[in-house]
Amino acid sequence: MNFQDILFYIFSAILVASALGVITVRNPVNSALLLVLAFVTCAGLWLLLEAEFLAIALVLVYVGAVMVLFLFVVMMLDINLDRLREGFWKWFPFGATIALIIVAEISMVLMGKYFGLEEMPTPRPHDADYSNTRELGRLIYTEYVYAFELAAVLLLVAMVAAIALTLRHREDKRSPNPSKQVKVRKEDRLRIVTMPAEKKE
């Protein structure tokens, strides 16, 4: 076992522990901070896999933007924690079943040789001028272009659905009516008033 394998197991243990802390910690601020730790640790795993661009993008986009937004929202909203915990035991069997399925899948991947599966090949060393950003772009827009477009459409549908679900119509809100704006006449908007001229003394 070399130093890279030791780092991989250390980062993996921290990532699993922080991910468990995200869903078990009661304070939402601490949960968000543990999620930041999980993202940073995952970026370390990307660096071990020689995917520097993905690691930097993960830190900049998720830790630097998304998680800061989450923290602002969580700290600004008055969240009732007792109400959030009401349905915990109701959905616990379903969540435990999903967790067991995920653990079984990960175990089959990690212990594939015991299940008769082929081991993952060791990545070969790259040349000095190798760019993983260029390779990532080539793979996304050639071999995985349909999966990439499908993921983009799913994200767009999720964004539209989130906006539609959170949209609230207020009766006191004034909004323009385009059909009435098109039918407007000059006489309805403009009134000419004649006033006598003022004389200077």
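Our subject is the structure listed above.
Residues numbered from 1 in each chain as written. Predicted model: local features only at pLDDT ≥ 70, side-chain atom pairs only at ≥ 80, totals over all residues. Heavy atoms only, no water.

> Is there a simple way to think about the nonpolar core in this case?
Across soluble globular proteins, you tend to see nonpolar side chains buried next to one another. In this structure, Ala32, Val36, Phe39, Ala43, Ala55, Leu58, Val63, Met67 and Leu71 together form the largest nonpolar core, which totals nine residues. Counting only elements with at least two residues in this core, the list comes to α2 (28-48) and α3 (52-76). Sort the elements by how many residues they give to this core and α3 lands first, with five residues. Not counting chain neighbours up to four residues away, the residues in contact with Ala43 comprise Ala55, Leu58 and Val59. (Core = buried A, V, L, I, M, F, W, Y, C linked by side-chain atoms within 4.5 Å. Buried < 20%, exposed > 50% of the residue type's maximum accessible area, 1.4 Å probe, protein only. Helix = DSSP H or I, 4+ residues; strand = E, 2+ residues; numbered from the N terminus. Contact = heavy atoms within 4.5 Å.)

> Any chance you could explain the layout of surface pockets here in plain terms?
The rolling of a water-molecule-sized probe over the atoms marks out the regions of remaining empty space. Considering only enclosed or pocket space, the second largest pocket measures out at about 650 Å³ in volume. Taken together, 20 residues make up the lining of the second largest pocket; nearest its centre are Trp46, Ala51, Leu54, Leu136 and Leu139. Going through the elements one at a time, α3, α6 (132-140) and α7 (145-166) are the ones with two or more residues in the lining of the second largest pocket. Of the residues belonging to the lining of the second largest pocket, the class tally is 14 nonpolar, three polar and three charged. Lining the lining of the second largest pocket are residues from two domains, each supplying at least three of them: domain 1 (1-78) and domain 2 (130-166). (1 Å grid on protein atoms, 1.4 Å probe; cavity = no way out; pocket = protein on both sides within 12 Å on 5 of 7 lines; lining within 4 Å. Points joined across faces, edges and corners; volume = space filled by probe spheres on them. Nonpolar A, V, L, I, M, F, W, Y, C, P; charged D, E, K, R; others polar. Domains from an automatic or database assignment.)

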